[in-house]
Structure formats: structure tokens, C-alpha cells
Amino acid sequence: MEVKITEKIRYIGVDDNDIDLFENQYRVPDGMSYNSYVILDEKTAVLDTVDKRAMGEWEEKLLRTLNGRKVDYLVIHHLEPDHAGSIARLVELFPDVVLVGNAKTFQMFPQFFDIDVTGRTLTVKEGDCLSLGEHELHFMLAPMVHWPEVMLSYESTEKVLFTADAFGKFGALAKTENDDWACEARRYYFNIVGKYGALVQGVLKKVSTLEVACICPLHGPVLREDLGYYIGLYQTWSGYQPENRGVLIAVATIHGNTMAAAEKLAELLRAKGEETVVVSDLARADRAEVIEDAFRYDRIVLAASSYDGGVFPCMRDFLYQLQSKAYQNRRAALIENGSWGPTAGKTMRAILETMKNVEILEPTLTIRSTLKEADLPVLESIADALIAAAER
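Residues numbered from 1 in each chain as written. Predicted model: local features only at pLDDT ≥ 70, side-chain atom pairs only at ≥ 80, totals over all residues. Heavy atoms only, no water.

Draft legend 1. Representation of the sheet that holds strand E13 (residues 136-141) in the model. With mixed pairing, the five strands of this open sheet are ordered in space as E12-E13-E14-E15-E16. Two strands lie at the open edges of the sheet, namely strand E12 (129-131) and strand E16 (214-216), each paired on one side alone. The sheet shows a mean angle of 20° between the axes of neighbouring strands, direction not considered. The pairing of strand E14 (residues 151-155) with strand E15 (residues 160-162) spans three bridges and is classified as antiparallel. By the bridge assignment, Tyr-154 is partnered in E15 with Leu-161. (Pairing = 2+ DSSP bridges. Helix = DSSP H or I, 4+ residues; strand = E, 2+ residues; numbered from the N terminus. Axes fitted to C-alpha atoms, helices over the stretch in contact; angles between N-to-C directions.)

Draft legend 2. View of the packing of helix H6 (residues 181-193) against helix H8 (residues 227-238). For the pair H6 and H8, interaxial distance at closest approach is 12 Å and the crossing angle is 35°. As H6 runs across H8, the sense of the crossing is right-handed. Residues Trp-181, Ala-182, Ala-185, Arg-186, Tyr-189 and Phe-190 of H6 form the contact with H8, whose participating residues are Tyr-229, Tyr-230, Leu-233, Tyr-234, Trp-237 and Ser-238. (Left-handed = near helix turned anticlockwise from the far one by under 90°. Contact = heavy atoms within 4.5 Å.)

Draft legend 3. Geometry of the pattern of salt bridges. Evaluated as defined, the whole model comprises 22 salt bridges. Where Glu-59 meets Arg-89, a salt bridge forms, and the shortest distance between an N and an O atom there is 2.8 Å. With a gap of 30 residues between them, Glu-59 in helix H1 (residues 55-66) and Arg-89 in helix H3 (residues 87-93) connect regions that are remote in the sequence. A salt bridge links Lys-206 to Glu-126; the nearest nitrogen and oxygen atoms lie 3.1 Å apart. Of the two residues, Lys-206 sits in helix H7 (residues 197-207) while Glu-126 sits in the loop between strand E11 (121-123) and E12, which places them 80 residues apart along the sequence. Under the relative-accessibility criterion, Glu-126 is labelled partly exposed at 39%. Salt bridges here are not isolated pairs; linked through shared partners, they connect Arg-245, Glu-274, Asp-298 and Arg-299. (Salt bridge = Lys/Arg side-chain N within 4 Å of Asp/Glu carboxyl O. Buried < 20%, exposed > 50% of the residue type's maximum accessible area, 1.4 Å probe, protein only.)

Draft legend 4. Broad picture of the nonpolar core. Formed by 94 residues in total, the largest nonpolar core has its most connected members in Trp-181, Leu-302, Met-315, Phe-318 and Leu-322. If one sorts the elements of this core by residue count, H6 sits on top with eight residues. Ranked by size, the runner-up nonpolar core spans 25 residues in total, among them Met-259, Val-301, Leu-361 and Leu-379. (Core = buried A, V, L, I, M, F, W, Y, C linked by side-chain atoms within 4.5 Å.)

Draft legend 5. Spatial organisation of the packing of aromatic side chains. Under the definition given, this model contains 22 aromatic pairs. Ring geometry for Tyr-229 and Tyr-230: centres 5.2 Å apart, planes at 70°, overall edge-to-face. Of the residues examined, Tyr-230 reaches a relative accessible area of 15% and is grouped as buried. Measuring from centroid to centroid gives 5.5 Å for Tyr-234 and Trp-237, while their planes differ by 45°, and the two rings are tilted. In this pair, Tyr-234 and Trp-237 are both assigned in helix H8, three residues apart and thus about one turn of the helix distant. Exposure class is identical for Tyr-234 and Trp-237. Each is buried. (Phe/Tyr/Trp six-rings, centres within 6.5 Å; stacked < 30°, edge-to-face > 60°.)

Draft legend 6. Structural view of empty space enclosed by the protein. Here the structure, examined in full by the defined rule, presents two cavities of 30 Å³ or more. Quantified by volume, the largest cavity comes out at close to 70 Å³. What lines the largest cavity is simply Val-145, Leu-152, Leu-161, Thr-163, Ala-166, Phe-167, Val-200, Val-203, Leu-204, Val-207 and Tyr-234. Of the residues forming the lining of the largest cavity, the biggest block, four residues, is contributed by H7. (1 Å grid on protein atoms, 1.4 Å probe; cavity = no way out; pocket = protein on both sides within 12 Å on 5 of 7 lines; lining within 4 Å. Points joined across faces, edges and corners; volume = space filled by probe spheres on them.)

Draft legend 7. Layout of unusual backbone geometry. Across the junction of Val-145 and His-146, the peptide omega takes the value 5°, indicating a cis bond. Summarising the element assignment, His-146 is placed in the loop between E13 and E14. In this chain, Glu-362 is followed by Pro-363 through a cis amide linkage whose omega measures 5°. By the element assignment, Pro-363 lies in the loop between strand E22 (356-360) and strand E23 (365-367). At Asn-67, a position not held by glycine, the phi torsion is positive, near 50°.

Quick look at the structure:
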């Protein structure tokens, strides 16, 4: 079925229902969408292609939508293979097509394609405009959101913003049509784009000057209504501010004793009125979801066993992932477990201290193998510190 963004702007994206790991690391039980668009005017422009996994279905949609017309331009907003994977096929189908990208696009292009495009490229820079007839595309460079060659384009006649990976989400469209957009968009943002918040803020500043009727990302649904909601979430996320009040308790437990302490803390927090307490076993949970929750909530508890003179590996890996995503502006509490030489607390504290504006609350609880009655006052003090931290 043909999908119309407007009468002249068509959606020709494809759902991938067979993929299990996006980028070979993020679980996508509901699949993934690869979005591609066509503008039909005096000149015809295709805006991005799709992953080669979905090339056959995409080609059928493209040719059916063109209905005998040729493609004059291919606009390359992002060269990552899930969007550029079918470029070679498009060039094969339409040898005279002009590829539109910025200087970095064409610098990187030979790394992906062994195609001679001499004389068939149009290099654009910030503020340049491409006229297709009635429709005009205005280009905005967005380097490192989240690759160096990324750009956005704004079709000024119908006020449609094409945003590359920004405003994307996990999930095939047919499977997630009625889902809460923010859930999988948040997991997508923090795990893929999260490190580049300052650069995202710069792009949002550019977008704020535009009148936008529709946002067309390269993954996920086309956004048409209440655009302030989506842009507002991106402002919060890219500013590294908590979205919701709540406590994430991230646990790295070997034999279950550290988890028992974490669950007791969760019980105390709920008894003291904390409405949202999420307990995640780092050895078993979807790590991308735990990263999402770490950024979503204003406080975090790290509860971990000592291991090999440091901290249990799944906690170490989790903290390094937070560090790499520029985790900041949060309050953290620590619980360590050590049967003979507790080292987890020191190790976790050292990593947290490298992060911007992460306050480590006191006290730290040190468990010797199992939680004892004598440990409960310290655990209660941690709960009180976490409650107080949310109120100042």
C-alpha cells in the first residue's frame, strides 16, 4: 500500500521483521523500520535508501511510486549502511541520478562503495537549497549526530523536516503503530545518539527557527501531531536532564546476596513514598534498557559484588557504557559486597568521579557476604539520602 506524507511526498520505507539485533548489539523484538521517501515534482528526489536486507521490497515500492518516472536526485542524509545500503542499486537503476550530500559525505563515500560517481554529485553546505520545482529542500549540517556526515533537510513548501536518525525509534512500523513512542525512542536515543547531546542541542536550535508540520525520521513513524512533545523530549534528553523522578537500582550479583540487599533497599524506598523504583539485574537485563532507565530517572543506586580486586564485570561494563554516553547530572548511592576484601565500592566510585555533576551520596553500605540485621540502619540511611536528594 502506498503511503502519502503529502500528495507529492511519499513514504517508501520497509519493515524488517527478521532482524534480532540492530547494529548487532541492540535487541529489537519488534523488528526495525528503514525509512525512505520520494518527492515527486518537476524533478524527482529520493531521500535515502534502505538496508540491503530490505532492498528488494524497497525497490518494488520505489518503482511503483515512480510509475515510469526517473530519479533525478538521491539525497544522502546519512551514510550508515542501514540507510545507504541500496545506493548502488539505485545508481544501477538510474545511471544519471545526481547524488546530493555534503563534503564529508563524499569523502566517506568510497569507503562504502566502489562506484564511479564522477560528474554525478552535488555537494551542499549549510543553508544551501535544492529546487525540485514547487518543492525546495534546505540543508542543515548535523555533524556527529551521530556520524560526521549527517545532515537534515527542510522542505519549505509543505514544511516537512527530514531528520536522518534524529527522532527515530526501534521497532517495525506495523508492529509498533499503537505503542508509546517515547519508550523505544528513548532507548534508541541514549544508546545511539546519547554521547552527542551538545551537538543535538545545536541542531534543535536550528530547527526552532522553522515552521514544521511533519517530521520524517529514518527509523520509526512519521510524526505529524503535537510536535512540541517530541521536540521537548529531545531537549530534555540532549540536555542530560532527568525526565522523571525515580530510582534505578542497578545490580551486579554473583550468588544473589547483593540482589537481596538491593531488593530490601527498594522495599524501604517504596515504604518511604518513592513511587518509581526499578531494580535491574545487570547480568540478565537488556543492557540498552538499563542505560535508558539510568538517563530517564534522577537517581541511581549501584549495588555490586567485588571481583578480582575490582567490581563484578557486568557492573564495570555498565559503568563504562554510561561513561561513554556522557552520563551526568544525577545523584548516586553505592552498595558493595565483599567476603574478604571489598573493592567494588572504591572501583565504582572512581568511575563515577570521572562523570560530570554526578553527586555520590553517603553513606556507602559494605556487606560482608550476606545482608545482616546490623546493616539495616545503614541501608535505611541510604534510602533517606535518596529521598532527600530528590527534594532539593
